[in-house]
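Here is how the chains run, residue by residue.
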Amino acid sequence: MHAAGPFDVKLVPQTDADSAVGRMTIDKVFHGDIEGTSKGMMLALMSPSHPNSGAYVALEKVTATLQGKKGTFALHHVGLMDRGAQSLTVMVVPDSGTDELIGLTGNLKIIIENKKHSYEFDYTLPS
């Protein structure tokens, strides 16, 4: 199955005086085939020798309606930037679905164009 739509995101840097790893909270509002919100945490580290290399990981809990089915699920992000070449994987955490989303699996693609965010979500849900 496929879902798509825009989302709004707010990233708020968290300050740790002695931390070498950056940390941010994530607040999203999804629109389209996913209608709801998410809250999460991101950890990021940039290369000290190349400004376009680094990595991030994040976890977020989504509370939403997915094409008419209500529940919650978790997303796990792994992102790498290698001298500007980006790769990003965002997957549903296994067995994280609740209510009508129990058994949800899938991959979410984040698209950023002209500073606007959208998603494409390929997923399966048991009948």
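The rules we used
- Residues numbered from 1 in each chain as written.
- Predicted model: local features only at pLDDT ≥ 70, side-chain atom pairs only at ≥ 80, totals over all residues.
- Heavy atoms only, no water.
- Core = buried A, V, L, I, M, F, W, Y, C linked by side-chain atoms within 4.5 Å.
- Buried < 20%, exposed > 50% of the residue type's maximum accessible area, 1.4 Å probe, protein only.
- Helix = DSSP H or I, 4+ residues; strand = E, 2+ residues; numbered from the N terminus.
- Contact = heavy atoms within 4.5 Å.
- 1 Å grid on protein atoms, 1.4 Å probe; cavity = no way out; pocket = protein on both sides within 12 Å on 5 of 7 lines; lining within 4 Å.
- Points joined across faces, edges and corners; volume = space filled by probe spheres on them.
- Nonpolar A, V, L, I, M, F, W, Y, C, P; charged D, E, K, R; others polar.
- Salt bridge = Lys/Arg side-chain N within 4 Å of Asp/Glu carboxyl O.
- Patch = residues over 30% accessible without salt bridge, like charges linked within 9 Å, V, L, I, M, F, W, Y side chains within 5 Å.
- Areas by Shrake-Rupley, 256 points an atom, 1.4 Å probe, with all protein chains shown as cover.
- Phe/Tyr/Trp six-rings, centres within 6.5 Å; stacked < 30°, edge-to-face > 60°.
- Pairing = 2+ DSSP bridges.

**Focus on the nonpolar core**
The nonpolar side chains of a soluble globular protein tend to be buried, and buried together.
At step 1: The biggest cluster of nonpolar side chains holds 18 residues, and the ones touching the most others in it are Leu66, Phe73, Leu104, Tyr119 and Phe121.
At step 2: Elements supplying a minimum of two residues to this core: β1 (2-14), β4 (54-66), β5 (69-82), β6 (85-92) and β8 (116-124).
At step 3: If sequence neighbours within four positions are ignored, Tyr119 has contacts with Ala3, Ala4, Gly5, Pro6, Phe7, Phe30, His31, Gly32, Asp33, Ile34, Leu108 and Lys109.

**Side note on the layout of surface pockets**
At step 1: By volume, the largest pocket is sized at about 610 Å³.
At step 2: Looking at the largest pocket, it is lined by 22 residues, and the ones nearest its centre are Met42, Tyr56, Gln86, Leu88 and Ile112.
At step 3: For the lining of the largest pocket, the elements supplying multiple residues, two or more each, are β1, β2 (22-30), β3 (34-46), β4, β5, β6 and β7 (105-113).
At step 4: Of the residues in the lining of the largest pocket, the class split is 15 nonpolar, 6 polar and 1 charged.

**Here we look at the pattern of salt bridges**
At step 1: Tallied over the full model, the rule gives 2 salt bridges.
At step 2: Note that Lys39 is salt-bridged to Asp27, the shortest N-O span being 2.6 Å. Residue Lys39 is located in strand β3, and its partner Asp27 is located in strand β2; the two are separated by 12 residues in the primary sequence.
At step 3: Overall, the relative accessible area of 25% leaves Asp27 in the partly exposed class.

**Side note on a nonpolar patch on the surface**
At step 1: A cluster of nonpolar residues, Val21, Leu43, Leu45, Val57 and Val78, forms a patch on the protein surface that exposes about 360 Å² of accessible area.
At step 2: Positionally, Leu45 belongs in strand β3.

**Side note on the packing of aromatic side chains**
At step 1: Inspection of the entire model under this criterion finds 4 aromatic pairs.
At step 2: Where Phe7 meets Phe30, the ring centres are 5.6 Å apart and the plane angle is 40°; that geometry is what we call tilted. Of this pair, Phe7 sits in strand β1 while Phe30 sits in strand β2, and the two are 23 residues apart along the sequence.
At step 3: We classify Phe7 as buried; its relative accessible area is 3%.
At step 4: With 5.2 Å between their ring centres and 20° between their planes, Phe121 and Tyr123 make a pair best called stacked. Across the pair, Tyr123 and Phe121 agree in class, each one buried.
At step 5: These aromatic residues form a ring-pair network of at least three members: Phe7, Phe30 and Tyr119.

**Section: the pairing of β2**
At step 1: The sheet contact formed by β1 and β2 spans 8 bridges and is antiparallel. Within β2, the position partnered with Gln14 by the bridge is Arg23.
At step 2: As paired strands, β2 and β3 are joined by 9 bridges and run antiparallel to one another. Paired with Lys28 across the strands is Ser38, a residue of β3.
At step 3: The turn linking β2 back onto β3 is made up of 3 residues, and Gly32 within it adopts a positive phi angle of 95°.

Purely spatial values, then, with no claim about function.
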